[in-house]
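Understanding the architecture of this molecule
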Amino acid sequence: MTPLRATLGTVTALDAVSVIATKRDGGELSDSQIDWVVAGFTRGAVADEQMAALAMAIVLRGMTRRETARWTAAMIASGSRMQFSGLGRPTVDKHSTGGVGDKITLPLAPLVAACGAAVPQLSGRGLGHTGGTLDKLESIAGWQADLTGDRMREILADPETGAVVCAAGADLAPADKRLYALRDVTGTVESVPLIASSIMSKKIAEGTSGLVLDVKVGAGAFMKSLDSARELATAMVELGADAGVRTVAVLTAMDTPLGRSAGNALEVAESVRVLEGGGPADVVELTLALAREMVAVAGLDIDPADVLADGRAMDRWRRMIRAQGGDPDAPLPKAKHTEVVRADRDGVLTRMDAMGVGLAAWRLGAGRARQGDPVQAGAGVEIHAKPGDPVTKNTPLFTLHTDTPHTFPTVTNSLTTAVTIAPPQTPTPTPPLILERLTP
Ligand code: URA
């Protein structure tokens, strides 16, 4: 007998229910089910509540490698794919799964461009405790995140610039944009196949031929354990390889914030110090490690350390900022109020929780609680001591920056619990920053 709903002409509802039921009962979705449900969701024929139910079934039941690859392909097919062949240079991009103080894109993109690659870097804005690359760059006077595809290509084609950091256009994997917003409010973000396909659909659609993934592990990252980070990295490397994008993943520690600042203009200033040949050792180490991976993926034979040291990366930075309307010489915005948080005893700093520092920067106004909220360019946390450093009572640990000083008491309290000061001479081994490397 023909099911009632089909006879009523509501084939869409019937089919969506059957796709959800297949996954709910632990089955494998066919290629045509995946194509149909993603295409239907993109044009509004599959309702948000149906897609949310399917996402929850995927969170609970998982997806096979074939299903994940097909899901990713369907996400890409929901929009248009960018094309950067014919630039005369290899294209290579980096993606970080997000951490506190992670400003690496800022020195990295011009550095790799100065090594001879074209770097098309589509980036996002911050949400919650992790900052966003576009928010950071927008603290530079005049700098524009939104570019047309033609302008992006023009900048990449200029051999003296060759790097673009901009917002993804509305037509890049639009199904992912809608699905990610839905997952965010339905408790369905935490799924390796959904995260991997979400990230990789955008990177593959962006048209890069090589990709280096920085998968963060630890207290301040999405992935808290090495095993879960490895699982995500493996899924993404496989998706890249299946799509013909040369992909390498590096697992890196995110228990402690990267560098000495978390906040928009504060992180731009720190990135400029790295390009000038200074900056914190961990930021320099990770920038060079990822640059070496990107250069290798692009098939170039050059040591990025030389290019950083002789100022070629800095020249690129200045050109890259100007190409997007920014003034690299304009003074960066400063917050109206500052307050210093000091050590309450003598000893050695043995722990600084990245999540605690990220939340502090967010509360001070550097981040947003909802998409579209404004951010304060000057807000954030300057870090004066890192794990392993000896401190004495009243040594400054942090300087807080904000335009909204009513946040100081809460932030000061939370930062006090984000650090541990152990008795003097307590040994504090420095854990490695780069934990593992995965290739297809
Ligand atoms: N970032 C993304 O782009 N997608 C996810 O699912 C998670 C993080």
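Each value, and the rule that gives it
- In this convention, every chain numbers its residues from 1, walking through the sequence in written order.
- Local features in this predicted model are restricted to residues whose pLDDT is 70 or higher, and side-chain atom pairs enter the listing and the counts only when it is 80 or higher, whereas totals over whole chains, interfaces and linings include all residues.
- By convention in this description, side-chain values take in all heavy atoms of the structure and omit both hydrogens and water.
- Here a residue is near a molecule or strand as soon as one of its heavy atoms is found within 4 Å of it.
- Pairing of N or O atoms within 3.5 Å defines a polar contact, subject to two protein rules: one partner must be a possible hydrogen donor and the other a possible acceptor, and residues neighboring in sequence count only if both atoms are side-chain atoms.
- Numbered from the N terminus, helices here are DSSP runs of H or I no shorter than four residues, and strands are runs of E no shorter than two.
- Polarity classes work like this: nonpolar for Ala, Val, Leu, Ile, Met, Phe, Trp, Tyr, Cys and Pro, charged for Asp, Glu, Lys and Arg, and polar for all others, with Gly in that last group.
- Two strands pair under a simple rule: DSSP has to find at least two bridges between them.
- Axis definition: a line fitted to C-alpha atoms, limited for helices to the stretch in contact. Angles are taken between N-to-C directions and run from 0 to 180 degrees.
- By definition, residues are in contact when any of their heavy atoms lie within 4.5 Å.
- A simple rule labels every residue: compare its accessible area, found with a 1.4 Å probe on the protein chains alone, to the largest value its type can have, and call it buried under 20%, exposed over 50%, or partly exposed in between.
- Here, nonpolar core means buried Ala, Val, Leu, Ile, Met, Phe, Trp, Tyr and Cys residues that are tied together by side-chain atoms lying within 4.5 Å of each other.
- Bear in mind that the domain bounds are from an automatic or database domain assignment.
- To pair, rings of Phe, Tyr and Trp, with the six-membered ring standing in for Trp, must have centres within 6.5 Å; the planes then decide the type, stacked if under 30 degrees apart, edge-to-face if over 60, and tilted in the middle.
- Whether a charge lies above a ring is judged from NZ of Lys or CZ of Arg, which has to be within 6 Å of the ring centre and within 35 degrees of the ring normal.

**Quick look at the site of the ligand**
Taken together, the residues surrounding the ligand are Tyr180, Arg183, Ile195, Ser198, Ile199, Lys202 and Phe222. Within the side chain of Arg183, a nitrogen or oxygen atom sits 2.9 Å from an oxygen atom of the ligand. Within the contact set of the ligand, a nitrogen atom lies 2.6 Å away from a side-chain nitrogen or oxygen of Ser198. Sorting the residues of the shell around the ligand by element identifies helix 9 (174-184) and helix 10 (192-205) as the ones contributing at least two each. The leading source of residues in the shell around the ligand is helix 10, at four residues. Tallied by class, residues from the shell around the ligand come to four nonpolar, one polar and two charged.

**Quick look at the sheet that holds strand 4 (residues 210-217)**
Read from one edge to the other, the open sheet built from four strands follows the order 1-4-5-13, with strand pairing classed as mixed. Two strands in the sheet have a free side with no partner beyond their single neighbour: strand 1 (92-96) and strand 13 (434-438). Taken pair by pair, the neighbouring strands of this sheet meet at an average axis angle of 20°, ignoring direction. The pairing of strand 5 (residues 246-253) with strand 13 spans four bridges and is antiparallel. Considered in strand 13, the bridge of Val250 is made with Arg437. Helix-sheet contacts for helix 13 (residues 281-297) involve strand 1, strand 4, strand 5 and strand 13, and the interaxial angle to strand 4 is about 150°.

**Some words on the pairing of strand 3 (residues 163-167)**
In terms of residue burial, strand 3 counts as a mostly covered element, since five of its five residues are buried. Note that strand 2 (residues 119-123) and strand 3 share five bridges and pair parallel. Residue Pro120 lies in a different strand from strand 3, and its bridge partner there is Val164.

**Observations regarding the nonpolar core**
Ranked by internal contacts, the top residues of the largest apolar core, which has 73 residues, are Trp317, Val357, Val381, Phe398 and Leu400. Of all the elements, helix 13 adds the most residues to this core, at eight residues. When residues are assigned to domains, this core turns out to be shared by domain 2 (92-168 + 206-323) and domain 3 (337-422), each giving three or more. Residues within four places of Val357 in sequence aside, it is in contact with Val100, Pro257, Ala262, Met352, Val381, Ile383, Phe398 and Leu415. Listed in part, the 35 residues of the second largest apolar core include Met152, Met200, Ile204 and Met236.

**Considering the packing of aromatic side chains**
A full pass over the atoms with the stated rule returns zero aromatic pairs. The side chain of Arg178 reaches across the aromatic face of Phe41, ending 4.2 Å from its centre.

**Focus: the pairing of strand 2**
With five of five residues buried, strand 2 is to be regarded as a mostly interior element. The two faces of strand 2 match: Val119, Gln121 and Ser123 on one face and Pro120 and Leu122 on the other face are all buried.

**As for the domain arrangement of the protein chain**
When cut into domains, the protein chain gives domain 1 (4-62), domain 2 (92-168 + 206-323) and domain 3 (337-422). Taking the mean C-alpha position of each, domain 1 and domain 3 sit 45 Å from one another.

**Quick notes on helix 9**
Buried residues of helix 9: Pro174, Ala175, Asp176, Leu179, Leu182 and Arg183, and no others. Contact partners of the buried residues in helix 9: helix 3 (31-42), helix 4 (48-61), helix 5 (65-77) and helix 10.

**Some thoughts on the side chain of Lys216**
Tracing the chain through its elements places Lys216 in strand 4. Within the local environment of Lys216, its side chain forms a polar contact with the side chain of Asp214, the two groups lying 2.8 Å apart. In this structure the side chain of Lys216 is engaged in a polar contact, spanning 3.3 Å, whose partner is the side chain of Thr252. Every residue in contact with Lys216, bar those within four places of it in the chain, is listed here: Ser96, Thr97, Gly98, Gly99, Asp102, Ala221, Met223, Ala229, Thr252, Met254, Leu258 and Leu286.

**Brief notes about the sheet that holds strand 11 (residues 396-402)**
With antiparallel pairing, the four strands of this open sheet are ordered in space as 6-9-11-7. Strand pairing shows two members of the sheet lacking a second neighbour, strand 6 (261-263) and strand 7 (337-342), which therefore form its edges. Averaged over all pairs of adjacent strands, the angle between strand axes in this sheet comes to 15°, irrespective of strand direction. Pairing analysis gives four bridges linking strand 9 (residues 380-383) to strand 11, with the strands arranged antiparallel. Within the sheet, the bridge partner assigned to Ile383 lies in strand 11 and is Phe398. Sheet strands touched by helix 12 (residues 264-275): strand 6, strand 9 and strand 11. Its angle to strand 6, the strand with the most contacts, is close to 135°. Here helix 16 (residues 354-366) sits on the sheet in contact with strand 6, strand 9 and strand 11, set at roughly 135° to strand 9.

**Observations regarding the environment of Gly27**
Locating Gly27 in the fold gives a position in the loop between helix 2 (11-24) and helix 3. For the pair Gly27 and Arg318, spaced 291 residues apart in the sequence, the C-alpha separation amounts to 53 Å. If near-sequence neighbours (up to four positions away) are discounted, Gly27 is found in contact with Thr22 and Glu67.

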